[in-house]
Amino acid sequence: MAAEDPSVSGVSGRYATALFELARDEKSIDAVMADLDRFDTLLAESDDLKRLVRSPVFSADAQLKALSAVLDRAAITGVATNFLKVLTRNRRLFAVSDVIRAFRALVAKFKGEATADVTVAERLSDRNLDSLKTALKSVTGKDVALNVKVDPAIIGGLVVKLGSRMVDSSLRTKLNSIKHAMKEAG
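So, here is what we can say about the structure in this document. Keep in mind that what you see is a predicted model, and the values were worked out from it rather than measured.

Considering the packing of aromatic side chains
For step 1, the next point in the chain: Counted according to the given criterion, the structure contains three aromatic pairs.
For step 2, the next point in the chain: Ring centres 5.4 Å apart and planes at 70° place the aromatic pair F20 and F110 in the edge-to-face group. A residue pair is termed long-range when its members are at least 10 positions apart, and F20 in helix 1 (residues 10-25) and F110 in helix 6 (residues 96-111) qualify at 90 residues.
For step 3, the next point in the chain: Look at F20 and you get buried, because its relative accessible area is 1%.

Overview of the packing of helix 2 (residues 29-45) against helix 5 (residues 78-89)
Helix-helix packing: each pair is described by the crossing angle between the helix axes and the interaxial distance.
For step 1, the next point in the chain: One can describe the packing of helix 2 onto helix 5 by two numbers: an axis separation of 7 Å at closest approach and a directional angle of 55°. With respect to each other, helix 2 and helix 5 are oriented oblique. Of the two possible hands of crossing, helix 2 and helix 5 adopt the one that is right-handed. Residues V32, D35, L36 and F39 of helix 2 pack against V79, A80 and L84 of helix 5.
For step 2, the next point in the chain: When grouped by side-chain class, the residues that make up the contact of helix 2 with helix 5 number six nonpolar, no polar and one charged.

So, how was this worked out
Residues numbered from 1 in each chain as written. Predicted model: local features only at pLDDT ≥ 70, side-chain atom pairs only at ≥ 80, totals over all residues. Heavy atoms only, no water. Phe/Tyr/Trp six-rings, centres within 6.5 Å; stacked < 30°, edge-to-face > 60°. Helix = DSSP H or I, 4+ residues; strand = E, 2+ residues; numbered from the N terminus. Buried < 20%, exposed > 50% of the residue type's maximum accessible area, 1.4 Å probe, protein only. Axes fitted to C-alpha atoms, helices over the stretch in contact; angles between N-to-C directions. Parallel < 35°, antiparallel > 145°, perpendicular 65-115°, else oblique. Left-handed = near helix turned anticlockwise from the far one by under 90°. Contact = heavy atoms within 4.5 Å. Nonpolar A, V, L, I, M, F, W, Y, C, P; charged D, E, K, R; others polar.

Structural measurements only, silent on function.
Structure below.
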(Lines give C-alpha, C1' and ligand atoms only; values in the text may rest on other atoms or scores of the structure.)
Protein backbone atom coordinates (compact mmCIF):
# COMPACT_ATOMS: atom_id res chain seq x y z
CA MET A 1 0.00 0.00 0.00
CA ALA A 2 2.80 2.44 0.83
CA ALA A 3 4.37 2.09 -2.59
CA GLU A 4 1.13 3.14 -4.31
CA ASP A 5 0.96 6.52 -2.58
CA PRO A 6 3.88 8.88 -3.17
CA SER A 7 3.14 10.75 0.08
CA VAL A 8 3.72 7.54 2.03
CA SER A 9 7.38 6.68 1.54
CA GLY A 10 10.70 6.52 3.33
CA VAL A 11 11.10 5.96 7.04
CA SER A 12 7.87 7.77 7.90
CA GLY A 13 5.95 5.74 5.32
CA ARG A 14 7.22 2.44 6.68
CA TYR A 15 6.30 3.36 10.26
CA ALA A 16 2.91 4.73 9.18
CA THR A 17 2.17 1.59 7.16
CA ALA A 18 3.09 -0.65 10.10
CA LEU A 19 0.89 1.41 12.43
CA PHE A 20 -1.98 1.42 9.94
CA GLU A 21 -1.86 -2.36 9.50
CA LEU A 22 -1.79 -2.87 13.27
CA ALA A 23 -4.69 -0.45 13.82
CA ARG A 24 -6.67 -2.09 11.00
CA ASP A 25 -6.08 -5.57 12.43
CA GLU A 26 -7.18 -4.40 15.87
CA LYS A 27 -10.13 -2.46 14.39
CA SER A 28 -8.95 0.71 16.11
CA ILE A 29 -8.14 3.00 13.18
CA ASP A 30 -10.44 5.81 14.38
CA ALA A 31 -9.16 5.63 17.97
CA VAL A 32 -5.52 5.69 16.83
CA MET A 33 -6.24 8.58 14.45
CA ALA A 34 -7.92 10.57 17.25
CA ASP A 35 -4.95 9.98 19.58
CA LEU A 36 -2.44 10.96 16.89
CA ASP A 37 -4.46 14.08 16.06
CA ARG A 38 -4.42 15.02 19.74
CA PHE A 39 -0.63 14.51 19.88
CA ASP A 40 -0.16 16.49 16.67
CA THR A 41 -2.16 19.38 18.18
CA LEU A 42 -0.02 19.27 21.33
CA LEU A 43 3.09 19.31 19.17
CA ALA A 44 1.85 22.32 17.18
CA GLU A 45 1.03 24.26 20.35
CA SER A 46 4.11 23.53 22.48
CA ASP A 47 7.61 24.74 21.67
CA ASP A 48 8.97 22.60 24.52
CA LEU A 49 7.40 19.46 23.05
CA LYS A 50 8.77 20.35 19.60
CA ARG A 51 12.21 20.72 21.13
CA LEU A 52 11.88 17.35 22.90
CA VAL A 53 10.80 15.64 19.68
CA ARG A 54 13.39 17.20 17.36
CA SER A 55 16.49 17.65 19.48
CA PRO A 56 19.16 14.95 19.26
CA VAL A 57 20.57 16.21 22.58
CA PHE A 58 18.02 14.24 24.61
CA SER A 59 18.77 10.57 25.16
CA ALA A 60 16.15 8.00 24.20
CA ASP A 61 15.51 7.35 27.90
CA ALA A 62 15.01 11.05 28.67
CA GLN A 63 12.71 11.42 25.64
CA LEU A 64 10.75 8.33 26.67
CA LYS A 65 10.29 9.54 30.25
CA ALA A 66 9.13 13.01 29.14
CA LEU A 67 6.94 11.62 26.36
CA SER A 68 5.27 9.19 28.78
CA ALA A 69 4.33 12.09 31.05
CA VAL A 70 2.91 14.07 28.11
CA LEU A 71 0.91 11.08 26.85
CA ASP A 72 -0.49 10.36 30.33
CA ARG A 73 -1.54 13.98 30.81
CA ALA A 74 -3.15 14.09 27.32
CA ALA A 75 -4.98 10.78 27.94
CA ILE A 76 -3.43 9.24 24.83
CA THR A 77 -3.46 5.48 25.30
CA GLY A 78 -3.38 2.10 23.61
CA VAL A 79 -1.85 1.52 20.21
CA ALA A 80 -0.95 5.19 19.67
CA THR A 81 0.97 5.37 22.95
CA ASN A 82 2.85 2.16 22.27
CA PHE A 83 3.65 3.34 18.76
CA LEU A 84 4.98 6.73 19.89
CA LYS A 85 7.14 4.94 22.47
CA VAL A 86 8.53 2.63 19.76
CA LEU A 87 9.40 5.69 17.66
CA THR A 88 11.19 7.11 20.69
CA ARG A 89 13.12 3.92 21.50
CA ASN A 90 14.19 3.64 17.85
CA ARG A 91 15.36 7.30 17.86
CA ARG A 92 12.80 8.22 15.17
CA LEU A 93 10.61 10.56 17.20
CA PHE A 94 11.89 13.48 15.09
CA ALA A 95 9.86 12.02 12.18
CA VAL A 96 6.56 11.87 14.09
CA SER A 97 4.88 14.68 12.11
CA ASP A 98 5.68 12.97 8.80
CA VAL A 99 4.50 9.63 10.20
CA ILE A 100 1.19 11.17 11.30
CA ARG A 101 0.75 12.81 7.88
CA ALA A 102 1.45 9.48 6.13
CA PHE A 103 -0.91 7.64 8.50
CA ARG A 104 -3.66 10.15 7.69
CA ALA A 105 -3.11 9.52 3.97
CA LEU A 106 -3.39 5.75 4.49
CA VAL A 107 -6.57 6.13 6.54
CA ALA A 108 -8.10 8.47 3.95
CA LYS A 109 -7.31 6.03 1.15
CA PHE A 110 -8.74 3.13 3.19
CA LYS A 111 -11.96 5.08 3.81
CA GLY A 112 -12.21 6.31 0.21
CA GLU A 113 -11.51 9.89 1.18
CA ALA A 114 -9.29 12.45 -0.47
CA THR A 115 -6.66 14.22 1.61
CA ALA A 116 -5.98 17.93 1.31
CA ASP A 117 -2.99 19.76 2.77
CA VAL A 118 -4.20 23.17 3.93
CA THR A 119 -1.94 25.99 5.11
CA VAL A 120 -3.56 28.86 6.97
CA ALA A 121 -2.24 31.98 8.70
CA GLU A 122 -4.06 31.23 11.95
CA ARG A 123 -6.02 28.34 13.40
CA LEU A 124 -9.45 27.82 11.77
CA SER A 125 -12.64 27.44 13.77
CA ASP A 126 -14.57 24.16 13.53
CA ARG A 127 -17.25 25.97 11.49
CA ASN A 128 -14.66 27.17 8.96
CA LEU A 129 -13.09 23.70 8.77
CA ASP A 130 -16.51 22.19 8.07
CA SER A 131 -17.18 24.80 5.37
CA LEU A 132 -13.82 24.05 3.75
CA LYS A 133 -14.51 20.29 3.84
CA THR A 134 -17.92 20.85 2.25
CA ALA A 135 -16.45 23.03 -0.51
CA LEU A 136 -13.73 20.48 -1.26
CA LYS A 137 -16.25 17.64 -1.24
CA SER A 138 -18.32 19.46 -3.87
CA VAL A 139 -15.20 19.69 -6.06
CA THR A 140 -13.94 16.11 -5.61
CA GLY A 141 -17.15 14.20 -4.97
CA LYS A 142 -15.39 12.49 -2.03
CA ASP A 143 -15.16 13.16 1.67
CA VAL A 144 -12.00 15.15 2.28
CA ALA A 145 -9.66 14.71 5.24
CA LEU A 146 -7.70 17.86 6.05
CA ASN A 147 -4.05 18.16 7.13
CA VAL A 148 -4.05 21.70 8.50
CA LYS A 149 -0.77 23.54 9.04
CA VAL A 150 -0.62 27.00 10.59
CA ASP A 151 1.98 29.29 8.99
CA PRO A 152 1.71 32.98 9.94
CA ALA A 153 4.12 33.84 7.09
CA ILE A 154 1.29 33.55 4.55
CA ILE A 155 -0.27 36.59 6.30
CA GLY A 156 -3.86 35.66 5.42
CA GLY A 157 -5.98 33.48 3.18
CA LEU A 158 -5.08 29.87 2.63
CA VAL A 159 -3.18 27.44 0.44
CA VAL A 160 -4.91 24.17 -0.46
CA LYS A 161 -3.13 21.23 -2.07
CA LEU A 162 -5.40 18.38 -3.11
CA GLY A 163 -3.67 15.68 -5.10
CA SER A 164 -1.86 17.37 -7.97
CA ARG A 165 -3.99 20.53 -7.73
CA MET A 166 -3.00 23.54 -5.67
CA VAL A 167 -4.91 26.73 -4.97
CA ASP A 168 -2.90 29.54 -3.38
CA SER A 169 -5.12 32.38 -2.19
CA SER A 170 -2.66 33.55 0.45
CA LEU A 171 -2.19 37.25 0.99
CA ARG A 172 1.59 36.80 0.70
CA THR A 173 1.26 35.43 -2.85
CA LYS A 174 -1.12 38.21 -3.86
CA LEU A 175 1.22 40.87 -2.48
CA ASN A 176 4.20 39.28 -4.26
CA SER A 177 2.35 39.27 -7.59
CA ILE A 178 1.43 42.95 -7.13
CA LYS A 179 5.08 43.71 -6.29
CA HIS A 180 6.26 41.95 -9.48
CA ALA A 181 3.65 43.74 -11.58
CA MET A 182 4.77 47.10 -10.16
CA LYS A 183 8.44 46.30 -10.91
CA GLU A 184 7.60 45.41 -14.50
CA ALA A 185 5.53 48.58 -14.96
CA GLY A 186 8.12 50.85 -13.36
